[in-house]
Amino acid sequence: MSGVLRAVTIGLTAFLTVVDLFATQAILPALTAAYGVSPAAMGFAVNASTIGMAAGGLAVALFGRSIDRRRGILVSLVLLSLPTALLASMPALPLFTLLRIVQGICMSTAFALTLAYLGEHTSARDTASAFAACITGNVASNLFGRLLAAGVVDHLGLAANFWCFAALNLGGAVLVWFTVERTQPMRQMDMTGGSPLSSWRIHLANPALRAAFAIGFLILFAFIGTFTYVNFVLVRPPFGIDMMMLGVVYFVFLPSVVTTPLAGRAVARFGTRPTLWAAFGLALTGLPLMLAGSLAALMAGLTLVAAGTFFAQATATGFVGRAASVDRGAASGLYLASYFLGGLAGSAVLGKAFDDLGWTTCVAGIGAALLAGGLLTTRLIAPGHRADAPSAFQPATAGRQGGVAQ
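An account of the accompanying structure is given in this report. Residue indices follow the written sequence of each chain, beginning from 1 at its first position. Only residues with pLDDT of at least 70 get local features here, since the model is predicted, and only at 80 or more are side-chain atom pairs given and counted; chain-wide, interface and lining totals rely on the full set of residues. Excluding hydrogens and water, the side-chain figures rest on all heavy atoms present in the structure.

As for the overall build of the protein chain
Going by this rule: Every helix listed is a DSSP run of H or I at least four residues long, and every strand listed is a run of E at least two residues long, numbered separately from the N terminus. Throughout, exposure labels follow a simple rule: accessible area from a 1.4 Å probe, protein chains only, divided by the maximum for the residue type, with under 20% read as buried, over 50% as exposed, and the rest as partly exposed. Contact between two residues is taken to exist if any of their heavy atoms lie within 4.5 Å; hydrogens are not considered.
A count of helices and strands for the protein chain gives 18 helices and zero strands. When the 406 residues of the protein chain are sorted by exposure, 57% land in the buried category. Across the protein chain, the fraction of contacts at a sequence separation of at least 24, relative to all contacts at a separation of at least 6, is 84%.

Quick look at the structure:
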């Protein structure tokens, strides 16, 4: 498979894995009206998926060494379609919340195992680009997932939206079936022989990995703080835009679809730390614009924050895949758990700041998180290169050992 086709396949797999996480946020007004509850109550129910994402990441970190990567991704995506389809019945709000948590567990498990697979079966030369392609799929789900959900609900209703996304989940499973190779179990190739907790201790004893986990926490902390509470800024004076116009905000993610794949090349040319510093710096330059009284300036600021945080995410994720010397599934799971816990913390801490002290204080908190990420980047010491390994996401062909199509 050519490099371009492999990158597209990786990105599309990531898109179909996490699209449910972001898309439902776009239909919050419709869900709030349908359930007759407050925006805060519906917002908590929809964002409960991040609880499941963090739990799934920890589960992979603890048990991932015994899970076959290909089979685990397949099962997770098939199971993900079940709670997604059940949401179409518009269950009572507590059950809706529980189903969103289950969605999060399935999404996080599939995503963490995908990251582990890439770290274990992609050559040292291609690792950074493979992870960048994976995060680009994440970026695309932010944009196109939200637009698709809004369009389906507007034309066909809420139930059709959830059926549509259940079909996308199954489509992701089909894609994995035909593109992800069977491989030798990592228990034989990448394990210490100790308990899963021993892998945790090894990873947490690595200063560079600890810093990377904390950086992931801060990235989503800043991202959630930005793209959750800016919606309230946009609908209030001096902007006062309506819900239809609010959809235009989703297009601030479009440049990130183009820039995020370049993270792998940037790391190869400049190194992990300079690339991360540039990404955090780019996001920081957007913060003053987010305080301007101009809608155009605010949109430009949001674009810079999105591009910078996604670029940082692609870079940090790739670093974890390279820096983990053993049990990369556990390392990826710990990173994702930290990442999504950062989102929960950002929602709570910056939400409190926004309610009590206003948007300017919220933006200051976002800036503090980005600066802290830049400081922690100094602790990322580039790991030694591993010997080349077979590239991931190649077409499974008969006759290749460990890569027979089913």
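Description of the environment of G216
Examined against the element boundaries, G216 turns out to sit in helix α11 (residues 207-235). Distance from G216 to Y339, taken between C-alpha atoms, is 4.6 Å for residues 123 residues apart in sequence. Among all residues touching G216, those that are not within four sequence positions of it are Y335 and Y339.

Focus: the packing of helix α15 (residues 272-290) against helix α16 (residues 295-323)
Note the cut-off: In this analysis, axes come from line fits to C-alpha atoms, helices being fitted only over the stretch in contact, and the angle between any two N-to-C directions falls in the range 0 to 180 degrees. Working rule for angles: under 35 degrees goes down as roughly parallel, over 145 as roughly antiparallel, 65 to 115 as roughly perpendicular, anything else as oblique. Should the near helix be turned anticlockwise from the far one by less than a right angle, the crossing is left-handed, and should it be turned clockwise, the crossing is right-handed.
Taken N-terminus to C-terminus, the directions of α15 and α16 make an angle of 160 degrees; their axes are 7 Å apart at the nearest point. With respect to α16, the axis of α15 lies roughly antiparallel. Taken as a pair, α15 and α16 cross one another with a handedness that is left-handed.

Examining a nonpolar patch on the surface
Here is the rule we go by: Patch membership needs two things, relative accessible area over 30% and no salt bridge, and members are linked within 9 Å if like-charged or within 5 Å if nonpolar (Val, Leu, Ile, Met, Phe, Trp, Tyr). For accessible areas, the Shrake-Rupley method is used with a probe of radius 1.4 Å. Any residue's cover is judged against the shown protein chains and nothing else. The term salt bridge refers to a side-chain nitrogen of Lys or Arg lying within 4 Å of a carboxyl oxygen of Asp or Glu.
A contiguous nonpolar patch, built from F44, I51, L341 and L344 and spanning about 350 Å² of accessible area, is present on the exposed surface. Of note, L341 is situated in helix α17 (residues 328-357). Given a relative accessible area of 40%, L341 falls into the partly exposed group.

Description of the packing of aromatic side chains
Filter applied, for reference: Each aromatic pair joins two rings of Phe, Tyr and Trp (for Trp, the six-membered one) with centres within 6.5 Å, and gets the label stacked for planes under 30 degrees apart, edge-to-face for over 60, and tilted for any other angle. Sitting over a ring, as applied to charges here, requires NZ of Lys or CZ of Arg to be within 6 Å of the ring centre and within 35 degrees of the ring normal.
Considering all chains together, one arrives at eleven aromatic pairs under this definition. Measuring from ring centre to ring centre gives 6.1 Å for F253 and F310, while their planes differ by 70 degrees; the resulting arrangement is edge-to-face. Of this pair, F253 sits in the loop between α12 (243-246) and α13 (254-259) while F310 sits in helix α16; the two residues are 57 residues apart in sequence, bridging distant segments of the chain. With respect to burial, F253 and F310 carry one shared label: buried. Sitting over the face of the ring of W177, R70 holds its NZ or CZ atom 5.1 Å from the ring centroid.

Side note on the nonpolar core
Here is the rule we go by: The set of buried Ala, Val, Leu, Ile, Met, Phe, Trp, Tyr and Cys residues whose side-chain atoms join them within 4.5 Å is what this entry labels a nonpolar core.
Counting residues in hydrophobic clusters, the biggest one holds 94 residues, and the most contacted among them are M290 and W359. It is α11 that provides the largest number of residues to this core, a total of 18 residues. If near-sequence neighbours (up to four positions away) are discounted, M290 is found in contact with T226, L298, G301, L302, V305, W359, V363 and I366. Core analysis: the next-biggest nonpolar cluster, separate from the first, contains 22 residues, I27, A88, A140 and L158 among them.

Observations regarding helix α8 (residues 158-179)
Applicable threshold: To estimate how far a helix should reach, multiply one less than its number of residues by 1.5 Å.
Its 22 residues place the ends of α8 32 Å apart at the C-alpha level, agreeing with the 32 Å of an ideal helix rising 1.5 Å per residue. Residues of α8 that are buried include every one of L158, N161, F162, F165, A166, N169, G172, A173, L175, V176 and T179, and no others.

Details of α11
Heads up, the condition is: The reported bend at a residue is simply the angle between two axes, fitted to the 7 residues ending at it and to the 7 residues beginning with it.
Taking 1.5 Å of rise per residue, the 29 residues of α11 would be expected to cover 42 Å, and the 43 Å separating its terminal C-alpha atoms lies within 8% of that figure. The sharpest bend along α11 measures roughly 30 degrees and falls at Y229. Within α11, 21 of the 29 residues are buried, which leaves the element mostly enclosed by the surrounding structure.

Some remarks on the pattern of salt bridges
For the coordinates displayed, the defined rule picks out one salt bridge. Across the pair D356 and K352 runs a salt bridge, and its minimum N-O distance is 3.1 Å. You can see D356 and its partner K352 sitting in helix α17, four residues apart, about one turn around the helix.

These figures come from the coordinates and say nothing about function on their own.
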